[in-house]
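A look at the structure
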Amino acid sequence: MTQHRSGRAYPTGLPARMTPHEVRTHAFDARRRGVDPDQVREFQARVADDLTDLHRQVRLLAQENDRLKRALRDWQTMHARECRPPNDGHW
């Protein structure tokens, strides 16, 4: 199922990642009884910093995941060469 974000379709069904820049620069509509703009900017900065850290962690975990997959594949290849083929033996 194709979902939409900002009027654009994305085929994976997963929403596009929000970037720290989007958080920092998002503008809010003015209201009669609005909020303190300095507090909003401070909150946006904190959220953007957390988002930056999370993106970094996801990138590092993806790299570690790839490394582990390669190590497992290498181990399986090495192990497969050392094992006897099925039905190759006395029994």
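Use the structure listed above.
As a starting point, this report considers the structure included with it. Think of each chain on its own: its residues are numbered from 1, step by step along the sequence as written. The predicted nature of this model means local features are confined to residues of pLDDT at least 70 and side-chain atom pairs, given and counted, to a pLDDT of 80 or more, with totals for whole chains, interfaces and linings taken over all residues. Only heavy atoms go into the side-chain values, all of them from the structure, while hydrogens and water stay out.

1. Comments concerning the pattern of salt bridges
The line we're drawing: Salt bridges are identified by distance alone: a Lys or Arg side-chain nitrogen within 4 Å of an Asp or Glu carboxyl oxygen. Helix and strand definitions follow DSSP, with helices as H or I runs of at least four residues and strands as E runs of at least two, each counted in order from the N terminus.
Considering all chains together, one arrives at four salt bridges under this definition. Asp49 is the salt-bridge partner of Arg24, the closest N and O atoms lying 2.7 Å from each other. Taken together, the residues span a long stretch of sequence, with Arg24 in helix α1 (residues 20-25) and Asp49 in helix α2 (residues 37-82) at a distance of 25 residues. Notably, a salt bridge pairs Arg41 with Asp38, separated by 2.6 Å at the nearest N-O pair. Here Arg41 pairs with Asp38, and both are found in helix α2, just three residues apart, close to one helical turn.

2. Let's talk about the environment of Phe28
Just so we agree on the cut-off: Here's how the labels work: a residue is buried when its accessible area is under 20% of the maximum for its type, exposed when over 50%, partly exposed in between, all with a 1.4 Å probe on protein chains only. Residue contacts are counted whenever heavy atoms from the two residues lie within 4.5 Å of one another.
Along the chain, Phe28 turns up in the loop between α1 and α2. Using a relative accessible area of 56% as the deciding quantity, one classes Phe28 as exposed. Separated by 12 residues in sequence, Phe28 and Val40 have C-alpha atoms that sit 9.3 Å apart. Setting aside residues up to four positions removed in sequence, Phe28 forms contacts with Val40 and Gln44.

None of this, on its own, says anything about what the molecule does.
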